[in-house]
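Take a look at the letters that make up each chain.
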Amino acid sequence: MSLSNVTASKPVRDAGAQPIMEAEHLRKEFPLRQIKVFGAAQAVRAVEDASFSLYPGRATALVGESGSGKTTIARMLARLYEPTSGTLRFRDEAVKLGRGANLNDYRSHVQLVFQDPFASLNPVHSVRYHLSRPLRIYGHARNRIQETEQILALLRRVNLTPAEQFIEKFPHQLSGGQRQRIAIARALAVQPEVLLADEPVSMLDVSIRLDILNLLRRLKDEEQLALLYITHDIASARYFAEETLVMYAGQMVEGGPSEEVTQQPKHPYTRLLLSAAPDPTRVKNKDKGQLPARGEIPSLINPPTGCRFHPRCPHAMPVCKERFPGRTDLGNGHWTNCFLYGDGAQPIPYTGTTGTTTTARAE
Ligand SMILES: Nc1ncnc2c1ncn2[C@@H]1O[C@H](COP(=O)(O)OP(=O)(O)OP(=O)(O)O)[C@@H](O)[C@H]1O
C-alpha cells in the first residue's frame, strides 16, 4: 500500500490530555481442554500484563506479528472476552467485568470493526437492516422516517453515495471496500466514543486500503473518536496513528509517539519488525551488517521464560531469560520493556537494521 499521500500523524498528545479508556495489567489465558488426567492444567497465555490508554481524537496502532495477542486485546476491550485479570477503565471509572455487567450500555461507548467484511455482514439482510438494528437497539431512531434519514446520513458519512442507491442493497451486491464501509457505518450508528479496528484493511484490495484508512482517520478527527488500529504493518502505523504499541508473543515491548517508535525504535523486536517492513523515508545504513530475522513466534502454551523475544534477540543476555524487564521511560512518552535500557545499561544506537554496533550491559 502506498502511503505517500497520507498526511503525517499529529505530534505527541498534550501533556494534560485525559484518556477515555485505560487498560491496566490486562492478562488473558485460554484454558486448554485437559488431555492428561494428571499434570498441571495447560493454557494459551495469549496476553501478559498489557497496560495502555486510548485518547479522544487520537489513533493508537497496536502492531505485531500474527499470534502476538492483538485481537485478544481488542476483544477484551470490546468485552467479547473476559480478561483473566486486570482492569479496564472507561472515563475514569472501572468497567464492571463478569456477571452483572451491563454490556449494552458498555457497547454504546465501545465498538469493534472486524477484519473480514465478508463474514461480518449477514448475507440474507440488506444494508437497511444492518444499520437499522443498532439505531433501534440503542434508541437513536424513534420511527421509520427517522431511521431512514439516519441510515442515509450514515451512508454519506462513510462516502457511500448516492446513499439512496445503497440502502436496499444486499452484501453480495457490494465490493469488499463497500462492505467494510457498511461495517464502519454500523459501528458509528451506535455513536461510540471508542472504535476498535481489527486489521480493518488487511482483507481488502491493496488499491482501496488507503481510502478506508483515510475514512477512519477523517471520522476519528471529526468525531473525536479514540481509535485502536490493529495491524501487522508497522509502516502504516507511522502515517495513520499518533501512538504505536508493539506486541510480541503476548507481551507489550515498546510504545510511544509513532514517529519516535518507528524512527528511533529501541526494542530489538521493533527493529526487527521495521527491518521486515521497508519504509522508503527511513534512513538505512546497509553497510552495518543486518542480522537476519531469526526464528518464529513461539508457542504460547509453553512460552519462553522472561522476555519471550529472547530466543530471537541478537542482544539477549542471561537476565532476559530469567525475568521480564520493567518499563523504561525514554522521555516524550516513549517507553520500552528491555534490559538494554534503563539504569546502567549501554544505549544501543539504531542503524536502521536489526544489527547494532555496541555491547550491552551484561548481568
Ligand atoms: N479463543 C481462543 N482459544 C484459544 N486460543 C486462542 C483463542 N483466541 C486466540 N488464541 C490464541 O492466542 C494467541 C494470540 O492470538 P491473537 O488472535 O490475539 O493474535 P493476533 O496478534 O491478533 O494474531 P493475528 O494477527 O493472526 O490475528 C494465539 O496463540 C492464538 O492461537
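Taking an unreviewed UniProt entry as the reference, the protein chain is identified by name as Dipeptide/oligopeptide/nickel ABC transporter ATP-binding protein belonging to Ktedonobacter robiniae.

A.B. asks: Please clarify how the overall build of the protein chain should be interpreted in this entry.
C.D. replies: The helix and strand tally for the protein chain stands at eleven helices and twelve strands. When each of the 363 residues of the protein chain is scored for burial, the buried share is 51%. Put simply, of all contacts in the protein chain between residues at least 6 apart along the chain, 67% involve residues at least 24 apart. Within the structure as shown, the protein chain displays about 17,000 Å² of accessible surface, and the carbon and sulfur contribution to it stands at 51%.

A.B. asks: Even after reading the chapter, I still don't get the site of the ligand, so can you show me in this structure?
C.D. replies: In the vicinity of the ligand lie 15 residues, with Ser-66, Gly-67, Lys-70, Thr-71 and Thr-72 positioned nearest. Thr-72 has a polar side-chain atom sitting 2.5 Å from an oxygen atom of the ligand. In the complex, the protein chains occlude 65% of the 630 Å² of accessible area that the ligand would expose alone. For the shell around the ligand, the secondary-structure elements that each account for two or more residues are β2 (43-54) and α1 (70-77). When residues in the shell around the ligand are grouped by element, the largest group, three residues, is from α1.

A.B. asks: Explanation requested: unusual backbone geometry in the structure shown.
C.D. replies: Where the residue is not glycine, phi is negative for most of them; where a peptide bond is considered, it is trans in most cases. In this chain, Thr-161 is followed by Pro-162 through a cis amide linkage whose omega measures -5°. Structurally, the position occupied by Pro-162 is in the loop between α4 (144-157) and α5 (163-166). A positive phi angle, close to 70°, is found at Asp-92, a residue other than glycine. Tracing the sequence through the fold places Asp-92 in the loop between β4 (85-90) and β5 (93-94). The class of Asp-92 is exposed, set by a relative accessible area of 54%.

A.B. asks: Even after reading the chapter, I still don't get the pairing of strand β9 (residues 243-248), so can you show me in this structure?
C.D. replies: Along a regular strand, successive side chains alternate from one face of the sheet to the other. Taken across its six residues, β9 has six buried, putting it largely inside the fold. The alternating pattern of β9 places Glu-243, Leu-245 and Met-247 and Thr-244, Val-246 and Tyr-248 on opposite faces, both of which are buried. Across four bridges, strand β3 (residues 59-63) lies against β9 in parallel orientation. Among the inter-strand pairings, Ala-61 is bridged to a residue of β9, identified as Thr-244. The pairing of β9 with strand β10 (residues 251-257) spans six bridges and is classified as antiparallel. Bridge pairing links Thr-244 to Gly-256 in β10. As consecutive antiparallel partners, β9 and β10 are separated by two residues, and within that stretch Ala-249 has a phi angle of approximately 45°, a positive value.

A.B. asks: Looking at this structure, how should I read the nonpolar core?
C.D. replies: The nonpolar side chains of a soluble globular protein tend to be buried with one another. Counting 57 residues, the largest nonpolar core has Leu-131, Leu-155, Ile-182, Ile-184, Phe-240 and Tyr-269 as the members making the most contacts within it. A total of seven residues in this core trace back to one element, the largest contributor, which is helix α6 (residues 176-189). The residues contacting Phe-240, other than those within four sequence positions of it, are Ala-59, Leu-213, Leu-216, Arg-217, Leu-227 and Tyr-229.

A.B. asks: Sorry, what's going on with the pairing of strand β11 (residues 328-331) here?
C.D. replies: Taken together, the three bridges between β11 and strand β12 (residues 334-336) define a ladder with antiparallel strand orientation. Note that in β12 the partner of Thr-328 across the bridge is Thr-336. The turn linking β11 back onto β12 is made up of two residues, and Asn-332 within it adopts a positive phi angle of 60°.

A.B. asks: Looking at this model, I keep getting lost on α4. Mind explaining?
C.D. replies: Since there are 3.6 residues in each turn of an α-helix, residues three or four apart along the chain are aligned in direction. If you check α4, its first and last C-alpha atoms are 20 Å apart, about what 14 residues at 1.5 Å a residue would give, namely 20 Å. Among all positions in α4, only Glu-147, Ile-151, Leu-152, Leu-154 and Leu-155 are buried. Angularly, the buried residues of α4 cover 160° about the axis, an arc narrow enough to put them on a single face. Residues of α4 that are exposed and point more than 90 degrees away from the buried face comprise Ile-145 and Glu-149. Buried-residue contacts for α4 involve α3 (127-137), α5 and α6. For α4, the N-terminal capping position is held by Asn-143, with its side-chain oxygen 3.2 Å away from the main-chain nitrogen of Ile-145. Asn-159 sits one or two residues past α4 and shows a positive phi near 65°.

What counts, and where the lines are drawn
- Along each chain, the written sequence defines residue order, and numbers are assigned to residues from 1.
- Whole-chain, interface and lining totals are the exception, using all residues; otherwise, since this is a predicted model, local features are given only for residues with pLDDT of at least 70 and side-chain atom pairs are given and counted only at 80 or more.
- For the side-chain quantities, the full set of heavy atoms in the structure was used; hydrogens and water were omitted.
- In this text, helices come from DSSP runs of H or I with a minimum length of four residues, and strands from runs of E with a minimum of two, each type numbered from the N-terminal end.
- For the exposure calls, accessible area comes from a 1.4 Å probe over protein chains only, and a residue counts as buried if that area is under 20% of its type's maximum, exposed if over 50%, partly exposed in between.
- Contacts are assigned to residue pairs that have any heavy atoms within 4.5 Å of one another.
- The Shrake-Rupley method, run with a 1.4 Å probe sphere, supplies the accessible areas, and residue values consider only the shown protein chains as cover.
- We define proximity as follows: a residue is near a molecule or strand when any one of its heavy atoms falls within 4 Å of that partner.
- Polar contact criterion, stated in full: a pair of N or O atoms within 3.5 Å, where within protein one must be able to donate a hydrogen and the other to accept it, and residues adjacent in sequence count only if both atoms are side-chain atoms.
- Between any two strands, pairing holds if DSSP finds at least two bridges.
- Residues grouped as a nonpolar core are buried Ala, Val, Leu, Ile, Met, Phe, Trp, Tyr and Cys residues, joined through side-chain atoms within 4.5 Å.
- Expected helix span is taken as 1.5 Å per residue step, with the number of steps being one fewer than the number of residues.
- Relevant arc is that of directions from the helix axis to the C-beta atoms, nothing else.

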